[in-house]
Amino acid sequence: MTEIARAAILGGGVIGAGWLARLIENGIEVSVFDPDRGSDRKIAAVLENAERAYAKLTLAPRPAKGAWRIVGSVAEAVQGAELIVEAVPERIELKHRVYLELEAANADGIVASSTSGYKPTDLQAPMHHPGRLVVAHPFNPVYLLPLVEIVAGERTDPAVVERAMAFYPAIGMKPVRVRKEIDAFIADRFLEAVWREGLWLVKDGIGTTEEIDDCIRYGFGLRWAQMGLFETYRLAGGEAGMRHFLAQFGPALQWPWTKLIDVPELTDELVDTIAAQSDVQSGARSIRELERIRDDNLVAIMQALKATGWGAGLVLADWERRLFDRGAVKPAGDLSRPIRTVDRTVPPDWTDYNNHMNEAKYLQCFADATDAFMRIIGADADYIAGGMSYFTVETHIRHLGEARAGEPITVDSRVLEGRGKKMHLFHEMRNGGGRLLATGEHMLLHVSLQTRATCEPAPAVRAKLEEIAALHAGLPAPEGAGRAVGQRPG
Ligand SMILES: NC(=O)c1ccc[n+]([C@@H]2O[C@H](COP(=O)([O-])OP(=O)(O)OC[C@H]3O[C@@H](n4cnc5c(N)ncnc54)[C@H](O)[C@@H]3O)[C@@H](O)[C@H]2O)c1
């Protein structure tokens, strides 16, 4: 899926651990170096949160987790690494020292600095091979937020930038190339402006920390999460659009509304006020609880945006497509047997109050199996984008056993009929012990997405389906196929 198989992470704090989670969840092998002996405990906590979030984020078949280990030196970590993620504290002399140390042990891996603000030209200054350094500035939590700002220094090799731009989407991220080097890049510049205003608003007693946060999360924060600033304002201009908006509200910028250019002094009094208000606002929950709430909310927002085909949801959909395509390659072996189309564990939140998988997820799992089968016969994302697909017209699910949270489940699929526009599939879901948990029978018809009417599949898809159908015709008929609701084995 990615051209990078081995990575190193230098610095296992908040950001390094977040990178670690994202990389290993995408099947990349990682070595981590952090001189702090306590870092493994902090890393474990982040990985646990990430695992929980990923189980909710996507139903796509994720690759086997990349192996990872903590090692004793920079040199050991970067040995053979194609990507070296630098996530050490934000002190330029420390970053410089780490670059020289890594260059002595690794000649050609890309060095991707997580810095929040240093210009890459300043970072690469002492390096022997400065062309390999690029800034890849992520956002916390790195394992969930898609944005990564890519910034090149004066001596960065353009090929390294290109490679970075191609790599990050493969691990579910949205790289944005910053056109010119500035301190703090685009996003942190913006955040600092908002942060300054927030500090003034507290200092001047205009609102408490909670009231200010409410003004964001109940209002413009919702708009920003899905359209950003400029597109939102375009809509504020009504049918006359952006020009009208600028003409109407532009003069207001001359009014003394903002204190943006001033920074409030962080006196003891202001620090006490903010800390006390923050305790009232959020002190009832631990940081761990708040992180999980944050992760659940981010997952829900991204999934909602996926359903509308917009913004961060498109990045999630693109990553899932890559995962599905990668997952679908696996069962290409013996097509004369039922084909393995799902191989996963039951995530904790797929279970209901009885602690077994809820019925909607059985359907989800069988739908995933059908999707995987469609990819095998060539009815994949490109085929669908080209205007044709299969639509399910009938489904029958039998619930025969309980699937519990954390339990491994597989689905094996076979073709009962595959001719012309018709595709009749039978899926069997089993647990790790081989016990049959459910069967799903689906009738699908091939359709044109333009006319929404049935039509013949493309010749290659039709031929592959017919080939597998002929092979499966020799298998004994599966128990339960063709059963109507309420019929039990006689
Ligand atoms: N925290 C954020 O929200 C955020 C967001 C984006 C980028 N960043 C950037 O990411 C980088 C790391 O920030 P962080 O928040 O994870 O800091 P952190 O303090 O949580 O982690 C830094 C880690 O680096 C380790 N370290 C110190 N010296 C080291 C060395 N010589 N070799 C390897 N590891 C070493 C420390 O022990 C620590 O665990 C900084 O450049 C920061 O600006 C931070």
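Just so it is clear, the structure is predicted and the values come from calculations on it, not from any experiment.

A. Looking closely at the pairing of strand β8 (residues 174-177). Note that strand β7 (residues 147-152) and β8 share 4 bridges and pair parallel. Directly across from V148, in β8, lies its bridge partner P175.

B. Examining the packing of aromatic side chains more closely. In total, this model carries 6 aromatic pairs according to the counting rule given. Centroid distance W19 to Y168: 5.8 Å. Interplanar angle 50°. Geometry classified as tilted. Pair noted here: W19 is in helix α1 (residues 14-25) and Y168 is in helix α6 (residues 158-170), with a separation of 149 residues, a long-range link. By relative accessible area, which is 1% here, W19 ends up buried. Classification of Y168 by relative accessible area gives buried; the value is 2%. Residues F167 and Y168 carry aromatic rings whose centres are separated by 5.0 Å and whose planes lie at 65° to one another, so their mutual orientation is edge-to-face. Considered together, F167 and Y168 belong to a single accessibility category, that of buried residues. These aromatic residues form a ring-pair network of at least three members: W19, F167 and Y168.

C. A look at a nonpolar patch on the surface. Nonpolar side chains collect at one region of the surface, where I287, L290 and I293 lie side by side and expose about 250 Å² of accessible area between them. Assignment of secondary structure puts I287 in helix α12 (residues 287-308).

D. Spatial organisation of empty space enclosed by the protein. All chains considered together, the criterion is met by 1 cavity of 30 Å³ or more. If you add up the space inside the largest cavity, you get close to 70 Å³. What lines the largest cavity is R22, Y54, L57, Y143, L144, P146, G172, M302, V315, L316 and W319. Counting only elements with at least two residues in the lining of the largest cavity, the list comes to α2 (39-57) and α13 (312-329). Counting residues per element, the lining of the largest cavity draws most heavily on α13, at 3 residues.

Analysis parameters
Residues numbered from 1 in each chain as written. Predicted model: local features only at pLDDT ≥ 70, side-chain atom pairs only at ≥ 80, totals over all residues. Heavy atoms only, no water. Pairing = 2+ DSSP bridges. Helix = DSSP H or I, 4+ residues; strand = E, 2+ residues; numbered from the N terminus. Phe/Tyr/Trp six-rings, centres within 6.5 Å; stacked < 30°, edge-to-face > 60°. Buried < 20%, exposed > 50% of the residue type's maximum accessible area, 1.4 Å probe, protein only. Patch = residues over 30% accessible without salt bridge, like charges linked within 9 Å, V, L, I, M, F, W, Y side chains within 5 Å. Areas by Shrake-Rupley, 256 points an atom, 1.4 Å probe, with all protein chains shown as cover. Salt bridge = Lys/Arg side-chain N within 4 Å of Asp/Glu carboxyl O. 1 Å grid on protein atoms, 1.4 Å probe; cavity = no way out; pocket = protein on both sides within 12 Å on 5 of 7 lines; lining within 4 Å. Points joined across faces, edges and corners; volume = space filled by probe spheres on them.

Limitation: the analysis is restricted to geometry and does not speak to function.
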